[in-house]
Amino acid sequence: MNNYIEKHRDRFLNELLDLLRIPSVSADSKFKPDMLRAAEYVKDRIKEAGADRVEIYETPGHPVVYGEKIIDAGLPTVLIYGHYDVQPADPYELWNSPPFEPVIKNDRIFARGACDDKGQFYMHIKALETMLATGSLACNVKIMIEGEEEIGSSHLETFVKEHREMLKCDTILISDTSIIANDVPSIETGLRGLTYVEVEVIGANRDLHSGVYGGGVANPINILCDMISSLKDENGHITIPGFYDNVQDLTTEERNALNSAPFDLDEYKKDLQVDDVTGEAGYTTIERTSVRPTLDVNGIWGGYIGEGAKTVLPSKASAKVSMRLVPNQTDQEICALFTKHFESIAPASVKVKVTPHHGGLPYVTPTDSIEYKAAEMAMEESFGKKPIPTRGGGSIPIVALFEQELGRKSILMGFGLDIDALHSPNESYGLFNYYKGIETIPLFFKHYAELKSKK
Ligand code: BES
Ligand code: MN
Ligand code: MN
């Protein structure tokens, strides 16, 4: 198997580079034709890898690519999930090379989507090709690559509900998360949920002269800032009433286990070039970024931001706010609590509008399942070290939905690193990680089939 990977090493890379050249940005409608091109490309490559049937399914948003290779109804079936859409590449000027013209530098692939998630899901297509070419495929494979993950997978719920039979499987395998380091393999056993809202504070019916009216009429930007800063107290606790009501606290053992993972705070600060970290009092950085909920402003605007100065009291101010959620918070409940609270703290001098965007539920998976064990054994075999279970801070909305609709747990066997700069300028993915993934995935199938047959 490793001989086959070695022999086709260059082609495996070049195919990924071609995919990275397609700017499949789901958030921006100007890239709609590229989304279709990316879906076609993925479909063709899955077909070439040896799938029996591959199709593009239209949705009201971006299409889903689905393929399968059913070798024996008696064998377990693994559903692979990934996403071919990427985040916008802005700000372009901060890239050292154009985001959709991949380059290899220092054994890393630099391009938008290199790690998230094109580089990672493409490993599965190459692993499938390898298993079929070497006659070693040990499970049935279903593969679903969607195009709306980065915008909340909003049309996927209907798709999954409508294709429950087609997507039926024993477990789900996803590479869209990170490991601690190349010599410290790990598996994420949880993801945070998300609720995302846009808020608008509206003052007078028009922009006003800030000398004539200033001091006497509400300035929506000042008020928005006050309102936002009141959402957290001096201990970093979120002040929305009821926000923590359903938060599941970890046991002391669970917290100790989480905090025993290798983590160097000085390195962390050095990497980010910050003198100190911040967050909720009483929790470590690992906890703050994985098992505790958050509230963050992602963007804020209003008033005059052009060259020079303009003396104006703006009539409106807006912000985009995200909240990361942990078990057992739900996005709907938290969105409702936020809306009610935000409306209630607005002074009478302004009006506020809260518009919900997308959301998703948090997720956890146990480490004593057959699928977790199979992933653990696969990584131990390929890395030479047993992977550490961690809890991830990011969100993949479909994972909780798979559990709800298909009744199956997902295994988050990702191969990224923090230095990959997901969603940032100069995103990259290590060649080591790409090939390590292609090597590890077939081992998952092998161990999973063996463990299942012993059950
Ligand atoms: N692959 C990431 C999520 C991720 C990254 C999980 C690293 C764990 C470690 C995914 O593509 C992503 O960015 N998700 C979005 C969710 C969304 C836009 C609804 C996120 O977490 O912001
Ligand atoms: Mn992703
Ligand atoms: Mn992402």
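The structure this text deals with has already been given above.
Presented here is an overview of the structure given in this document. (Residues numbered from 1 in each chain as written. Chains lettered and ligands numbered in written order. Predicted model: local features only at pLDDT ≥ 70, side-chain atom pairs only at ≥ 80, totals over all residues. Heavy atoms only, no water.)

**As for the coordination of the manganese ion (ligand 3)**
At the metal site, the manganese ion (ligand 3) is ligated by D116 (OD), E150 (OE), E150 (OE) and H423 (NE2), and these contacts range over 2.1 to 2.5 Å. Read from N- to C-terminus, the donor residues coordinating the manganese ion (ligand 3) fall into the pattern D-x33-E-x272-H. Separation of the manganese ion (ligand 3) from the manganese ion (ligand 2) amounts to 3.6 Å, with D116 serving as a shared donor to the pair. With a gap of 307 residues between them, D116 in the loop between β5 (108–110) and α4 (118–133) and H423 in the loop between β18 (410–412) and β19 (428–430) connect regions that are remote in the sequence. Of the residues examined, D116 reaches a relative accessible area of 6% and is grouped as buried. (Donors = N, O, S within 2.8 Å, 3.2 Å for Na, K, Ca; no water. Helix = DSSP H or I, 4+ residues; strand = E, 2+ residues; numbered from the N terminus. Buried < 20%, exposed > 50% of the residue type's maximum accessible area, 1.4 Å probe, protein only.)

**Looking at the sheet that holds β19**
What the three strands build is an open sheet, ordered β4-β5-β19; its pairing is antiparallel. Pairing within the sheet leaves two strands with one partner each, and these edge strands are β4 (103–105) and β19. Neighbour-to-neighbour, the strand axes of the sheet open up by a mean angle of 30°, direction not taken into account. Judged from the three bridges that link them, β4 and β5 form a sheet pairing that is antiparallel. By the bridge assignment, K105 is partnered in β5 with R108. (Pairing = 2+ DSSP bridges. Axes fitted to C-alpha atoms, helices over the stretch in contact; angles between N-to-C directions.)

**Section: unusual backbone geometry**
Cis geometry marks the peptide bond from D90 to P91, where omega comes out at -10°. By the secondary structure assignment, P91 is in the loop between β3 (77–83) and β4. The phi torsion at N106 lies on the positive side, around 50°, for a residue other than glycine. In this structure, D107 takes a positive phi of about 60° despite not being glycine. One can find D107 in the loop between β4 and β5.

**As for the packing of aromatic side chains**
Working definition: an aromatic ring pair is given by the centre-to-centre distance plus the angle between the planes. For the coordinates displayed, the defined rule picks out twelve aromatic pairs. Ring centres 5.2 Å apart and planes at 75° place the aromatic pair F243 and Y244 in the edge-to-face group. When its relative accessible area of 22% is taken as the criterion, Y244 is described as partly exposed. In textbook terms, an aromatic cluster arises when at least three aromatic residues are bridged by ring pairs, as seen for Y57, Y66 and F159. Its guanidinium or amino end placed over the ring of F383, K436 lies 5.5 Å from that ring's centre, counting from NZ or CZ. (Phe/Tyr/Trp six-rings, centres within 6.5 Å; stacked < 30°, edge-to-face > 60°. Lys NZ or Arg CZ within 6 Å of the ring centre and 35° of its normal.)

**Focus: the sheet that holds strand β15 (residues 351–360)**
The four strands lie next to each other as β12-β14-β10-β15, forming an open sheet whose pairing is antiparallel. The strands lining the two open edges of the sheet, one partner per strand, are β12 (294–302) and β15. The average angle at which neighbouring strand axes cross in this sheet is 20°, direction not considered. Note that strand β10 (residues 193–202) and β15 share eight bridges and pair antiparallel.

**Section: the side chain of T171**
Note that T171 resides in strand β7 (residues 171–174). Under the relative-accessibility criterion, T171 is labelled buried at 0%. A polar contact is formed between the side chain of T171 and the backbone oxygen of K409, at a distance of 3.2 Å. Leave out the neighbours within four places in its chain, and T171 touches T77, V78, L79, E371, R408, K409, I411, F444 and Y448. (Polar contact = N/O pair within 3.5 Å; in protein donor to acceptor, adjacent residues only side chain to side chain. Contact = heavy atoms within 4.5 Å.)

**So, the site of ligand 1**
For ligand 1, the set of nearby residues contains 16 residues, the closest of which are E149, D176, R324, S395 and H423. Contact distances for ligand 1 include 2.8 Å between an oxygen atom and a side-chain N or O atom of H423. Here ligand 1 has 520 Å² of accessible area as a free molecule, and 89% of this is covered by the chains. Considering only residue class, the shell around ligand 1 consists of three nonpolar, seven polar and six charged. Composition of the shell around ligand 1 by domain shows at least three residues from each of domain 1 (2–191 + 363–454) and domain 2 (193–247 + 293–360). (Near = heavy atom within 4 Å. Areas by Shrake-Rupley, 256 points an atom, 1.4 Å probe, with all protein chains shown as cover. Nonpolar A, V, L, I, M, F, W, Y, C, P; charged D, E, K, R; others polar. Domains from an automatic or database assignment.)

**Considerations on the nonpolar core**
In this structure, F444 and F445 are the most contacted members of the largest nonpolar core, which totals 63 residues. Of all the elements in the fold, those that place two or more residues in this core are α1 (2–7), α2 (9–20), α3 (32–49), β3, α4, β6 (140–146), α11 (370–383) and α13 (431–454). Contact partners of F445, with chain neighbours within four places excluded, come to V78, I80, M131, L137, A138, C139, V141 and L173. A218, I228, I240 and V354 belong to the second largest nonpolar core, which has 25 residues in total. (Core = buried A, V, L, I, M, F, W, Y, C linked by side-chain atoms within 4.5 Å.)

**Description of the environment of C335**
Within the element layout of this structure, C335 appears in helix α10 (residues 331–344). Judged by its relative accessible area of 12%, C335 falls in the buried class. Beyond its immediate chain neighbours, meaning those up to four positions away, C335 contacts T195, V197 and P356.

**With respect to a nonpolar patch on the surface**
Side chains of V212, Y213 and V217 sit close together on the surface and give an oily, nonpolar patch of about 250 Å² of accessible area. Assignment of secondary structure puts V212 in the loop between β11 (208–209) and α6 (220–229). (Patch = residues over 30% accessible without salt bridge, like charges linked within 9 Å, V, L, I, M, F, W, Y side chains within 5 Å. Salt bridge = Lys/Arg side-chain N within 4 Å of Asp/Glu carboxyl O.)

**Some remarks on the coordination of the manganese ion (ligand 2)**
Those donors, H83 (NE2), D116 (OD), D176 (OD) and D176 (OD), are the protein atoms that reach the manganese ion (ligand 2), and they lie 2.0 to 2.4 Å from it. For the manganese ion (ligand 2), the six donor atoms are set out with angles of 57 to 164° between them, so the coordination reads as irregular. Linear spacing of the donor residues for the manganese ion (ligand 2) on their chain is H-x32-D-x59-D. (Tetrahedral: all angles 85-135°; square planar, octahedral: opposite > 155°, others 65-115°.)

**A look at the environment of L208**
Examined against the element boundaries, L208 turns out to sit in strand β11. In this structure L208 comes out as buried when scored by relative accessible area, which is 7%. Excluding anything up to four places from it in sequence, L208 contacts Y213, V217, T311, V312 and L313.

That's the geometry; what it means functionally is another story.
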